[in-house]
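An overview of the molecular structure
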Amino acid sequence: KSVYQLILWMVDNLNIKISDTIKNKYKDEFEIKKVENSDENKTIQENKEIIPMSKYLGQIKKTHGVNSMAHVISSLYNEVPVRDDFKLEIVKKEKDAVDNTKNYYVANTNPKIILNVYKTSKKYGKDKYDISPKLKTMIDKYMKSNNIKVGDYLFGDKKLSAYITKMNNEAGYEFSINEFRHMKASELYNNPKTTARDKLLLSKLMKHSPEMGSKYVRHKMVF
């Protein structure tokens, strides 16, 4: 598909002279490859196996420990299923989160995640996520045991993709950071008790349309 796409781009942008008949043949081949790729991706999605988030969290806890960075990160993704957006500077009060080029963790009695920088920020703007009391307690213990203080980064000042792939491999899983979103959405969309309101709330968390989430229903849950 990419080859035909490149050929058509070159013809249109480099003034390469070919007949309309030949150009249309390239267009047809390009469209055929698009269809083939779509069918292949659909088959992959239909046969993809996804483990429930609850089972995954249990294995991470068992492998790395209840107070580990791995367990805290995965638990945070369970509540806030975003992308690789948790390079979080710790502040005491929300009013201290003043830099719009940073993401924050507000560590007080009403903890929250503040995201300024993420993939669809231009569309959705600054976003805030409340943290459950259970997760707050977990983060508090993690910070105390690792001597992490206000002004530090909760999980370091680098992206988390490499670390998460490593921690998953150690727990017996071979998947990347993006799988968190697939697990969360698959678990909800494959539950017959899930309502349209549930789907809407998840779509707001994940920053996509409710209709887009319906693709996850094709994933096979492995209990």
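A short tour of the structure in this document, coming up. (Residues numbered from 1 in each chain as written. Predicted model: local features only at pLDDT ≥ 70, side-chain atom pairs only at ≥ 80, totals over all residues. Heavy atoms only, no water.)

So, the pairing of strand β5 (residues 127-130)
A regular strand carries its side chains on alternate faces of the sheet. Burial along β5 is one-sided: Asp127 and Tyr129 are buried, while Lys128 and Asp130, pointing the other way, are not. In the sheet, strand β4 (residues 112-115) pairs with β5 via 4 bridges, with the strands oriented antiparallel. The residue bridging Ile114 from the neighbouring strand is Lys128, located in β5. (Buried < 20%, exposed > 50% of the residue type's maximum accessible area, 1.4 Å probe, protein only. Helix = DSSP H or I, 4+ residues; strand = E, 2+ residues; numbered from the N terminus. Pairing = 2+ DSSP bridges.)

As for the packing of aromatic side chains
Counted under the stated rule, the structure contains 8 aromatic pairs. Arranged with centres 6.2 Å apart and planes meeting at 45°, the rings of Tyr4 and Tyr26 form a pair that is tilted. Of this pair, Tyr4 sits in helix α1 (residues 2-13) while Tyr26 sits in helix α2 (residues 20-47), placing them 22 residues apart in sequence. With relative accessibility at 27%, the residue Tyr26 sits in the partly exposed group. Ring plane angle 55° and centroid distance 4.6 Å describe the contact between Tyr77 and Phe86, whose orientation is recorded as tilted. For the pair formed by Tyr77 and Phe86, the shared burial category is buried. The structure contains a cluster of three or more aromatic residues connected by ring pairs, namely Tyr56, Tyr77, Phe86, Tyr173, Phe175 and Phe180. (Phe/Tyr/Trp six-rings, centres within 6.5 Å; stacked < 30°, edge-to-face > 60°.)

Some remarks on the pairing of strand β3 (residues 103-106)
Here β3 shows a buried face lined by Asn103 and Tyr105 and a second buried face lined by Tyr104 and Val106. Where strand β2 (residues 88-91) meets β3, 4 bridges bridge the pair, whose relative direction is parallel. Across the sheet, Leu88 pairs through a bridge with Asn103, a residue of β3. By the bridge criterion, 3 bridges tie β3 to β4 in an arrangement that is antiparallel. Bridge assignment links Tyr105 to a residue of β4, and that residue is Ile113. Once β3 ends, the chain turns through 5 residues before running back antiparallel as β4.

What to know about the nonpolar core
With 40 residues, the main nonpolar core has Tyr56, Phe86, Tyr105 and Phe155 as its most contacted residues. If you list the elements that add at least two residues to this core, you get α3 (53-64), α4 (69-79), β2, β4, α6 (133-145), α7 (161-170) and α8 (179-189). For Phe155, the residues in contact, after removing those within four places along its chain, are Met69, Val72, Ile73, Leu76, Phe86, Leu88, Tyr142 and Leu160. (Core = buried A, V, L, I, M, F, W, Y, C linked by side-chain atoms within 4.5 Å. Contact = heavy atoms within 4.5 Å.)

Here we look at the sheet that holds β5
Reading across the sheet, the 4 strands line up as β2-β3-β4-β5 and stay open at both edges, with mixed pairing between neighbours. The open sheet terminates on both sides in strands that have one partner only, identified here as β2 and β5. Across the sheet, the mean angle from the axis of one strand to that of its neighbour is 25°, orientation sign disregarded. (Axes fitted to C-alpha atoms, helices over the stretch in contact; angles between N-to-C directions.)

Some remarks on the pattern of salt bridges
Under the criterion given, the structure shown has 8 salt bridges. As a salt-bridge pair, Lys34 and Glu31 come within 3.8 Å of each other at their nearest N and O atoms. With Lys34 and Glu31 both in helix α2, this residue pair falls 3 residues apart, about one helical turn. (Salt bridge = Lys/Arg side-chain N within 4 Å of Asp/Glu carboxyl O.)

Some thoughts on the environment of Ile73
Relative to the elements of secondary structure, Ile73 occurs in helix α4. In this structure the C-alpha to C-alpha distance between Ile73 and Leu160, which are 87 residues apart in sequence, comes to 9.3 Å. Residue contacts for Ile73: discarding those within four places in its chain leaves Phe155, Leu160, Tyr163 and Ile164.

Re unusual backbone geometry
Positive phi values are uncommon outside glycine, yet Asn15 reaches one of about 55°. Counting through the fold element by element, Asn15 comes out in the loop between α1 and α2. In this structure Asn15 comes out as exposed when scored by relative accessible area, which is 60%. Even without a glycine there, the phi angle at Asn147 is positive, about 55°. Within the fold, Asn147 resides in the loop between α6 and α7. A residue is classified by how much of its surface remains accessible, and Asn147, at 54% relative accessible area, is exposed.

Comments concerning the packing of α3 against α7
Where α3 contacts α7, the two axes come as close as 9 Å, and the packing angle between them is 85°. Between α3 and α7, the crossing angle belongs to the class labelled roughly perpendicular. For the pair formed by α3 and α7, the contact residues are Tyr56, Ile60, Thr63 and His64 on the first element and Met167, Asn168 and Glu170 on the second. Tallied by class, the residues present in the contact of α3 with α7 amount to 3 nonpolar, 3 polar and 1 charged. (Parallel < 35°, antiparallel > 145°, perpendicular 65-115°, else oblique. Nonpolar A, V, L, I, M, F, W, Y, C, P; charged D, E, K, R; others polar.)

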